[in-house]
Amino acid sequence: CELANKTSMPMDANTADTIKLTGTVKGRRIRRTLRAALIVVCSAGVLAAGLTVGLYFGLRDKTTPLRLVILTDWHSNPYYQANLSKHCRCMTLDPHAGSCMLSTPASGYGQYGCDSPIALVRSSLEAAAAVVPEPDLVLVLGDLTMHSSPSAAITRSIFRATSEAIVDAFPSRPRACRTPLGNNDVYPNYATNVSDSTFYASQAAVASDLCGLDTQNAALFERTGYYSVDLPSPTGSSSVAQFLILNTNVYSANNAGTMHEPDPLGQFAWLEVQLAAARNRSARVHITSHIPPVIDSFARHALWQPQYAERYWAVIGAYADAVGLQLFGHTHSQEIRATRAGVADDTPVLQVASSVSPIYDNNPVFYTLEMAWEADGDGRWGWLMGMADGGVTRVNSFSAHVLNLSSVGTNLTGAPPFEVLEPPWPEPLVRNSDARKLLNGFFTAPDDDPTFWAFFNMYKGGHHGEGRACTEIGAAFHNCATCTHGCRVDFTCIQLDGLTVADHQRCLAEHSV
């Protein structure tokens, strides 16, 4: 995401070489050593299939669940200063830094309205590693780099340094981490160039250096920015889970003036090939990326260009039986988007994950997800991947782990407490048909309905900004301590019919009083 009021920050690009995620937590330094055999944020390449995949991720016994850590939008800012306020983005690079000194320093773990200091980056990783010390996959949904980076060199340096922080957090899980490119992971923000076959060379170099990707895989990422990753089945003979990592920068509404190709980088064609192959083996694949193909709940505008969003949802509808999870970031808020009735009813609802960075008035959050392999395949909802070695995989849990930033002190000793936020529904993930039923119930539920409150409370990880009692359509949800009447109709319509602006407007017209 891009700050509404971007301010240039002049700096000698050579200083980017000095950016390091240094410091000590529990006596441990986050190092910048290159480790080809350790876990990193691999924003590049397609991993080789078969035995190679088994070597990367390790073969598992059938009784061992598949465990994932999911994070997004770190926006690591090595220039954070606790004695500066959000009015200068808490950093000395801002030209207004001299006029926004705080009388009492804020927390070293960050402030609402500012990007993540290094202490927050480290603590989110350590908290995740404490919950899931040996994940099968650490999925980072993009935007490792701070907002408004002053140069390409600094963007590259922060991207690499944040990747190396993950190396230290999960040292026993080699090559278990993947990330789609966020809009802030390129320079300038949202940049694309479909005619440049080396446009993603710097990100590919990180993957090559730290992941040990072969030349062919690194070249693929350089050229396209998308790839796939497979997790092996219990026997290693097939894939128990496949993740498609998309490059959504090319579809962004911010690039409407420059991007007009019907299928930028051939990504839609590639996506259909992957989904068709999954259908042929009676499997479901998971789609992950950064910018979701929906409307933004803050400004209520489309995040993708309409022709690309329309094509994406057409593909999802055509291959609904081959689609598992859809996981996106970017909005710095936890939300869902249901499909239109009759389209992909049995696929899981699209999930938008909230961020580690608290810049948009949210509490920092990461997620854990557990899938279990079962042999019987009795058809109970929860299975996402179809057949795998004669059984199915199910989602057992999907949990948000939140740090209440308002209660964290200035002392950086000890680990800040990330706590599980109570989910609104007993099912860890719901399919579209069930989501529409649940969401439609909010229109007639009483103002104090506990399910709606739990759902709304997850929007910013339990933080409610200015604490307003919101009743109007068009309310700034991040500042609402309560959301009733028109506010609740608006919020529900965005989750229920938030694929396009027109869909949202129709929902408001139908349910507003």
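Up top is the structure these notes are about.
Residues numbered from 1 in each chain as written. Predicted model: local features only at pLDDT ≥ 70, side-chain atom pairs only at ≥ 80, totals over all residues. Heavy atoms only, no water.

Asker: How would you summarise the pattern of salt bridges if you had to cite specific residues and measurements?
Answerer: Pairs can form between side chains of opposite charge whenever their charged atoms are close. Taken as a whole and judged by the stated rule, the model has 11 salt bridges. Arg-337 is paired through a salt bridge with Glu-335; the nearest N and O atoms lie 2.9 Å apart. When salt bridges with common partners are traced through the structure, they connect Arg-340, Asp-503 and Arg-506 into a single cluster. (Salt bridge = Lys/Arg side-chain N within 4 Å of Asp/Glu carboxyl O.)

Asker: Pulling in residues and values, what's your account of the packing of helix α10 (residues 486-497) against helix α11 (residues 501-511)?
Answerer: Here α10 crosses α11 at 135°, and the two axes come no closer than 9 Å. On the basis of their axis angle, the class for α10 and α11 is oblique. Crossing angle aside, the handedness with which α10 passes α11 is right-handed. Counting all contacts with α10, which are made through Val-489, Asp-490, Cys-493, Ile-494, Leu-496 and Asp-497, the residues of α11 involved are Asp-503, His-504, Cys-507, Leu-508 and His-511. Looking at the contact of α10 with α11 residue by residue, the classes come out as 6 nonpolar, 2 polar and 3 charged. (Axes fitted to C-alpha atoms, helices over the stretch in contact; angles between N-to-C directions. Helix = DSSP H or I, 4+ residues; strand = E, 2+ residues; numbered from the N terminus. Parallel < 35°, antiparallel > 145°, perpendicular 65-115°, else oblique. Left-handed = near helix turned anticlockwise from the far one by under 90°. Contact = heavy atoms within 4.5 Å. Nonpolar A, V, L, I, M, F, W, Y, C, P; charged D, E, K, R; others polar.)

Asker: Describe unusual backbone geometry, listing the residues and the values that go with them.
Answerer: For the peptide bond that leads from Tyr-187 to Pro-188, omega is -5°, which places it in the cis range. Turning to its location among the elements, Pro-188 is positioned in the loop between β5 (177-178) and α4 (201-211). Phi is positive for Asp-143, which is not a glycine, with a value near 60°. With respect to the secondary-structure elements, Asp-143 resides in the loop between β4 (137-140) and α3 (152-169).

Asker: Got a sec to walk through the pairing of strand β9 (residues 323-328)? Specific residues and values, please.
Answerer: Counted residue by residue, β9 has 6 buried out of 6 residues, so it is predominantly covered. This β-α-β element, strand β8 (residues 285-288) to helix α7 (residues 306-318) to β9, shows right-handed connectivity. With 2 bridges joining them, β9 and strand β11 (residues 350-352) adopt parallel strand pairing. When the bridges of β11 are listed, Phe-328 appears paired with Val-352. (Buried < 20%, exposed > 50% of the residue type's maximum accessible area, 1.4 Å probe, protein only. Right-handed = clockwise from strand over helix to strand, strands pointing away. Pairing = 2+ DSSP bridges.)

Asker: Describe the packing of aromatic side chains, with residues and values.
Answerer: Scanning the entire structure with this criterion turns up 23 aromatic pairs. Judged by centre distance (5.8 Å) and plane angle (70°), the rings of Phe-455 and Phe-491 are edge-to-face. Of this pair, Phe-455 sits in helix α9 (residues 450-457) while Phe-491 sits in helix α10; the two residues are 36 residues apart in sequence, bridging distant segments of the chain. Taken individually, Phe-455 and Phe-491 each receive the classification buried, so the pair is uniform in this respect. By relative accessible area, which is 1% here, Phe-491 ends up buried. Through pairs of rings, three or more aromatic residues link up here, namely Phe-442, Phe-452, Trp-453, Phe-455, Phe-456, Tyr-459, Phe-477 and Phe-491. In this arrangement the basic side chain of Lys-460 is found over the ring face of Tyr-459, its NZ or CZ atom lying 5.5 Å from the centre. One cation-aromatic arrangement involves Arg-488 over Phe-452; the distance from NZ or CZ to the ring centre is 5.5 Å. (Phe/Tyr/Trp six-rings, centres within 6.5 Å; stacked < 30°, edge-to-face > 60°. Lys NZ or Arg CZ within 6 Å of the ring centre and 35° of its normal.)

Asker: Now, about α7: what can you tell me, with residues and values included?
Answerer: If you check α7, its first and last C-alpha atoms are 18 Å apart, about what 13 residues at 1.5 Å a residue would give, namely 18 Å. Within the span of α7, buried status applies to Tyr-308, Ala-309, Tyr-312, Trp-313, Val-315 and Ile-316. Buried residues of α7 fall within an arc of 155° about the axis and therefore sit on the same side. Turned more than 90 degrees away from the buried face of α7, the exposed residues are Pro-306 and Glu-310. Looking at the buried positions of α7, the neighbouring elements they touch are α6 (267-280), β8, β9 and β11. (Expected span 1.5 Å × (residues − 1). Arc of directions from axis to C-beta.)

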